[in-house]
Amino acid sequence: MPILEGSIGVEDLVLLEPLEEESLLKNLQLRYENKEIYVRSLWVPLAVGVLESSCIPIPYPPSSFPLLSSWFQTYIGNVVISVNPYQQLPIYGPEFIAKYQDYTFYELKPHIYALANVAYQSLRDRDRDQCILITGESGAGKTEASKLVMSYVAAVCGKGEQVNSVKEQLLQSNPVLEAFGNAKTIRNNNSSRFGKYMDIEFDFKGSPLGGVITNYLLEKSRVVKQLKGERNFHIFYQLLAGADEQLLKALKLKRDTSAYTYLNQEVSRVGGMNDASNFQDVQRAMIVIGFSEEEIRQVLEVTALVLKLGNVELTDEFQANGIPASGIRDGKGVQEIGEMVGLNSEEVERALCSRTVETGKEKVVTVLNVIQAQYARDALAKNIYSRLFNWIVNRINESIKVGTGEKKKVMGVLDIYGFEILEDNSFEQFVINYCNEKLQQVFIELTLKEEQEEYKREGIPWTKVDYFDNGIICNLIEHNQRGILAMLDEECLRPGVVSDSTFLAKLNQLFSNHSHYESKVTQNAQRLYDHSMGLSCFRICHYAGKVMYNVTSFIDKNNDLLFRDLSQAMWKAQHPLLRSLFPEGNPKQVSLKRPPTAGSQFKNSVAILMKNLYSKNPNYIRCIKPNEHQQQGQFSSELVAVQARYLGLLENVRVRRAGYAHRQGYKSFLERYRLLSRSTWPHWNGGDREGVEKLLGELSISSEELAFGKTKIFIRSPKTLFYLEEQRRLRIQQLATLIQKIYRGWRCRTHYQLMRKSQILISAWFRGNKARKNYRKYFRSGAALTLANFIYKSIAQKFLLGLKNNLPSTDVLDNTWPAAPYKCFNRANQELHQLFHQWKCKKFRDQLSPKQVQVLREKLCASELFKGKKASYPQSVPIPFRGDYIGLQSNPKLQKLKGRQEEPILVAETVKKVNRGNGKTSARILLLTKGHVILTDTKKTQAKTIIGLDHVSGVSVTSLQDGLFGLHLNEMSPVGSKGDFLLVSDHVVELLTKMYQAVLDATQRQLSVTVTEGFSVRFKESSVAIKVIQGPGHGEKSKFICKKKGSNCLEVTVQ
């Protein structure tokens, strides 16, 4: 009975009632027969280990969506069960990709697209590396499932020329690898005979950057031998069917497949498969990937070489001593091989029919019998093809690889051979089934064991669900010291007689009591009789059932030896590709070290694969084969039951039903849902767990739905998570509306301001244009004058601004001034210079004290009186006027000279009075006050002569360095009757300057100061002419020599 209206059967096995094997099979069969082959899970994908699941929004009603898939698929959390319908159904392509891209994992019916979408979105949005594990028996549809995943991811990721190129290269790697690695088997027309793991690498935006392909254990034995009803690898048939006549002629091939020993004559064609068309697709794909035309040609030549090796027929021959040997029946085939690869046919024949053994420093050549030669030929063919396949994979990786400096996210897709149980199982089936055991162990560890252990770690109450743990089987095969592979390697390396029988005997001895190992010897020891068990066989109880292996050729296949003669012959070939496949054939690189065995290499590869898978978030596609005959519509309950049993589907469902649908770390849960509570949004300052408890408490969610672990929150039913997601969606809509409102307001304001600015600009331009039109219309005649004025003003402005920035210093003694740039500014520049100088002087004067001002005034007066006239003036400029040169203030006796005069003393110094009668000089003390000139004898303390300044009519002074001057008095003076005074002063400039200012202050008249070479003085009632002559001396202190020349002339010589 369907759970939901409109659905057939149960789409989610978690909802299946009763949960038993019988109801599971009936549900699968019901849906398969009605072609309802996709099942939608109502449960959220579970977090595995430390990886957390994607959060899924509310699902839409399933009845509103049509049929979507060509594979019967059922979700168990993030596990999809795919049942091969063996027919094409119209549920793929861009329309369905777009539909599943727009919805989430639970919104539509189950589909591989939905699982791929969940993995891609989790990788892109949550920065989690993903892997998709595709497992199942041969013929269950694993290869098609991997192509669906690749096509979906390529369709939904980013666009762009470079991105599209990368996507096309990734997609086109599939037809190339299928052609060289797939073949028709009894169970599957397109069976992958190698394991493939592809890491697709994306940038932070989710656009593909490239990838890396890793291949595992190509079934190279198929090159030389196939079972009845099977074919060799597809490429051989595609080459013969699709190559044109010119290419076939160049490769020396015939189109008829029956002409080649390595091709099964019974089955040359496969229904529904066009080899010729596929060959063209392969060539185009190689070009897209980046193969050059030369590389494609070389690949096809090596492929043809493998076919031609199979046609080399070996015959019995005998040496002269009767030792069996071998030879080539028809040398034409060997000759064609030599011509194709650039080798001498004799060298090829020698390498096939003999063997060189090195012992110490000696080389021993031994001939091979027919059986040994056939083994060597087949070994060479297998090695050539295997190495060619590895070269193709590496060449594809070179084209799609990503630079090491780029940060990338990774999605891995694993498409590996399924579990195989054949009539005759050999070494290949043993390692294939070992790999599937390891993949099953990953599934158990991550979906069953880890699920229950997580509840225990988090302290969540839990009732344990029993399940089968295949770790004991994996340990039986891979244990480093006591595993089957270890025993096989030990037997291969052991000296002495080694055979498959000795290997089996060792296994029987070591595992005689192992519960998952059986052989004829162990059965006899337990008195069990099984006629189906051969003497050279052993049986392992795998998770998928019991498989009996025939140990015949185990040793040889594990050794995987190729005679050194063959390697060296291939290295000598002139064919570049073939030569590169056998680097060990180079004599300079010969190594006697034994190469690793096939089993150990495969074990190491599987270990690396497991480590890679454990580091990613796993997603599972569990492929189921409905019948053994590849017939559509047939459903074998027994066959499906076996697969469902070893896949552990029921145990997985029980764990998921009994546990919690969703769990997430407190921090990430709070980060996602904190916007639902006012207490936690927009900021929460407390602990993560307290925040989650506060958040869920305010949402009023039932405590039965929740469990708080040590580091995670657990939610039991999907509807609670759907409720949280719905509330979050509504809240995001509210916040988005708020953001839109603010943004639109900002955009409108910005637009208005831009429009207003534009309007102002347009108006300004319009008004300017209008004014220019009016100007041109009415004022064109005055344009030259206006322009000239404008230019002049601009130049003047530039001149003044330049002058402003280049003014000289404010030092009053600095008279520098920049020159005018144009002559028209010379006068203005001079006026500005004068103004600037006056401003500097005023500024300087404003800083002076009254005393300093008085000193400068006296110096200024001296300058006006004597500058350029008196030779001793320059020496007086730097010397400050002291006034008192006789120590008047400190000598009380001298102060009595003032007598009753209370006026301040302006100058007090010792002068020399020249006798007008005979020219002799005598010392006198001269005191200058503001009203009088006082002369007295140096030896007396009383004034001898007092002259009022109003009676001084003038002063005459020479222009030489001397201090001689004549003091002229008017006749009204009390002492005027005696005549004028002729005096000599050492400070004549200071004395006369201060006398000039004193007379001016006292009488308001300017004292006449005459600078001349000769002057006259009154002497009583007559006058005496004074003539001054410059003598030869030029000392600092002038000396006077006065001589009377007649009664009215006095000659003064200054030395």
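Rules used in this analysis
Residues numbered from 1 in each chain as written. Predicted model: local features only at pLDDT ≥ 70, side-chain atom pairs only at ≥ 80, totals over all residues. Heavy atoms only, no water. UniProt positions renumbered as here; feature names shortened; annotations may be inferred. Helix = DSSP H or I, 4+ residues; strand = E, 2+ residues; numbered from the N terminus. Buried < 20%, exposed > 50% of the residue type's maximum accessible area, 1.4 Å probe, protein only. Contact = heavy atoms within 4.5 Å. Lys, Arg positive; Asp, Glu negative; His and termini not counted. Charge placed at Lys NZ, Arg CZ, Asp CG, Glu CD. Pairing = 2+ DSSP bridges. Axes fitted to C-alpha atoms, helices over the stretch in contact; angles between N-to-C directions. Salt bridge = Lys/Arg side-chain N within 4 Å of Asp/Glu carboxyl O. Left-handed = near helix turned anticlockwise from the far one by under 90°. Nonpolar A, V, L, I, M, F, W, Y, C, P; charged D, E, K, R; others polar. Polar contact = N/O pair within 3.5 Å; in protein donor to acceptor, adjacent residues only side chain to side chain. Arc of directions from axis to C-beta. Phe/Tyr/Trp six-rings, centres within 6.5 Å; stacked < 30°, edge-to-face > 60°. Lys NZ or Arg CZ within 6 Å of the ring centre and 35° of its normal. Patch = residues over 30% accessible without salt bridge, like charges linked within 9 Å, V, L, I, M, F, W, Y side chains within 5 Å. Areas by Shrake-Rupley, 256 points an atom, 1.4 Å probe, with all protein chains shown as cover. Parallel < 35°, antiparallel > 145°, perpendicular 65-115°, else oblique. Core = buried A, V, L, I, M, F, W, Y, C linked by side-chain atoms within 4.5 Å.

The protein chain is annotated in an unreviewed UniProt entry as Unconventional myosin-Ia of Sciurus carolinensis. Listed in UniProt under the heading Sequence similarities (unreviewed entry), the comment for the protein chain reads: "Belongs to the TRAFAC class myosin-kinesin ATPase superfamily. Myosin family."

Glancing now at the overall build of the protein chain. Of the regular secondary structure elements, the protein chain holds 32 helices and 32 strands. Seen along its three principal axes, the alpha-carbon backbone of the protein chain occupies a region of about 180 × 90 × 80 Å. Here the protein chain, with 1055 residues, has 51% of them falling under the buried criterion. Considering only intrachain contacts with a sequence separation of at least 6, the fraction spanning at least 24 residues in the protein chain is 66%. Distance between charge centres in the protein chain, computed from 140 positive and 109 negative side chains, equals 17 Å.

It is worth spelling out the sheet that holds strand β26 (residues 964-969) at this point. Strand order in this open sheet of eight strands is β24-β23-β22-β21-β27-β26-β25-β28, and the pairing throughout is mixed. Pairing within the sheet leaves two strands with one partner each, and these edge strands are β24 (945-948) and β28 (1008-1011). Mean inter-strand twist for the sheet, computed between neighbouring axes without regard to direction, equals 30°. By the bridge criterion, two bridges tie strand β21 (residues 905-914) to strand β27 (residues 981-984) in an arrangement that is antiparallel. For K912, the partnering residue across the bridge sits in β27 and is V984.

So, on to unusual backbone geometry. In this structure, the amide linkage connecting W681 to the following residue, P682, adopts the cis form with an omega of 5°. Along the polypeptide, P682 turns up in the loop between α24 (666-673) and α25 (688-698). Residues other than glycine seldom take positive phi values, yet L217 does so here, at roughly 45°. Tracing the chain through its elements places L217 in the loop between β8 (208-216) and α6 (234-242). Notably, Q630 is not glycine yet its phi reads approximately 55°, a positive angle.

A separate point is the pairing of strand β10 (residues 324-328). Most of β10 sits out of view: four of its five residues are buried. Taking the residues between adjacent antiparallel strands as the criterion, strand β9 (residues 314-318) and β10 are bridged by five residues, where G322 takes a positive phi near 90°.

In this structure the tally under the stated criterion is 40 salt bridges. Here R124 makes a salt bridge to D125, at a shortest N to O gap of 2.8 Å. With a relative accessible area of 29%, R124 lands in the partly exposed category. Residues joined by salt bridges that share partners form a network here, namely E137, R187, K625 and E628.

This brings us to the packing of helix α1 (residues 21-33) against helix α22 (residues 637-647). The N-to-C vectors of α1 and α22 enclose an angle of 120°; their axes lie 10 Å apart at closest approach. Classified by chirality, the crossing of α22 by α1 is right-handed. Here E21, L24, L25, L28 and Q29 of α1 lie close against α22, whose contacting residues are S637, V640, A641, A644 and R645. Looking at the contact of α1 with α22 residue by residue, the classes come out as six nonpolar, two polar and two charged.

Moving on to the UniProt feature "binding site: ATP" (unreviewed entry) in the protein chain. UniProt tags G136, E137, S138, G139, A140, G141, K142 and T143 as "binding site: ATP" (unreviewed entry). Tracing the chain through its elements places G136 in strand β4 (residues 130-136). Topologically, K142 is positioned in helix α4 (residues 142-156). Setting aside residues no more than four positions away along its own chain, K142 makes contact with I134, T135, G136, E137, D415, I416, Y417, G418 and C623. A polar side-chain atom of K142 sits 3.4 Å from the main-chain carbonyl oxygen of G136.

All buried positions along helix α2 (residues 94-102) are accounted for by F96, I97, K99 and Y100. On an axial view of α2, the arc spanned by its buried residues comes to 160°, and they lie on one face. Facing away from the buried side of α2 by more than 90 degrees, the exposed set consists of P94, E95 and D102. Residues of α2 that are buried make contact with α3 (112-126) and α4.

Think of a pair of aromatic rings as described by two things: how far the centres are apart, and how the planes are tilted against each other in angle. Across all of its chains, the model carries 28 aromatic pairs by this definition. Ring pairing ties together the aromatic residues F427, F430, F503, F511, Y517, F538, Y549 and F554, which thus form one cluster. Sitting over the ring of Y237, R231 keeps its end group 4.0 Å from the ring centre. It is R395 that lies over the ring of F291; its NZ or CZ is 5.2 Å from the centre.

Attention now moves to the side chain of K870. Within the secondary structure, K870 is located in the loop between α29 (850-866) and α30 (873-876). Its relative accessible area of 4% is what places K870 among the buried residues. In this view, K870 contacts V957, T958, S959, L960, D962 and V988; residues no more than four positions away in its chain are not counted.

Taking strand neighbours across the sheet as the criterion, the three strands line up as β18-β20-β19 in an open arrangement whose pairing is antiparallel. Since the sheet does not close on itself, it has two edges, and those belong to β18 (662-665) and β19 (706-708), each with one partner. Each strand axis lies, on average, 15° off the axis of its neighbour in the sheet, ignoring direction. Inspection of the sheet shows β19 paired to strand β20 (residues 712-715) by three bridges, in the antiparallel sense. Residue F708 lies in a different strand from β20, and its bridge partner there is I713. Where α24 meets the sheet, its contacts fall on β18, β19 and β20, and the angle it forms with β18 comes to roughly 100°. The sheet strands contacting α25 are β19 and β20, and the helix crosses β19 at an angle near 160°.

On the surface, L787, F790 and I791 cluster together into a nonpolar patch covering about 330 Å² of accessible area. Tracing the sequence through the fold places L787 in helix α27 (residues 783-805). L787 sits in the exposed class, given a relative accessible area of 52%.

Time to look at the packing of helix α8 (residues 275-289) against helix α9 (residues 293-310). Two elements in contact, α8 and α9, have axes whose closest approach is 10 Å; the angle formed by their N-to-C orientations is 135°. Overall, the two elements α8 and α9 adopt an arrangement that is oblique. In this structure, the crossing between α8 and α9 has a hand that is right-handed. Residues F279, Q283, M286 and I287 of α8 pack against I296, V299 and L300 of α9. Each residue belonging to the contact of α8 with α9 can be placed in one class, and the counts come to six nonpolar, one polar and no charged.

Relative to the helices and strands, K869 resides in the loop between α29 and α30. Its relative accessible area of 45% is what places K869 among the partly exposed residues. In sequence terms K869 and P110 are 759 residues apart; their C-alpha atoms lie 123 Å from each other. Excluding its chain neighbours within four sequence positions, the residues that come into contact with K869 are E864, S959 and V1011.

If you look at the biggest cluster of nonpolar residues, it comprises 108 residues, and the most contacted ones within it are F180 and I384. The greatest single-element share of this core, amounting to 13 residues, is contributed by helix α12 (residues 370-400). When sequence neighbours within four positions are dropped, the list of residues in contact with F180 reads L218, F233, I235, V299, T303, Y385, L388, F389 and I392.

The subject of this paragraph is α25. Three or more residues of α25 are buried, namely G691, V692, L695 and L696. For α25, the buried positions fall inside an angular range of 125° around the axis, keeping them on one side. Just past α25, the residue S700 takes up positive phi, approximately 60°.

A few words now on a negative patch on the surface. Together, D316, E317, E346 and E349 make up a negatively charged patch on the protein surface. Breaking the negative patch down by element, the ones donating at least two residues are β9 and α11 (345-353). Mapped onto the elements of the fold, E317 is located in strand β9. For E317, a relative accessible area of 38% gives the class partly exposed.

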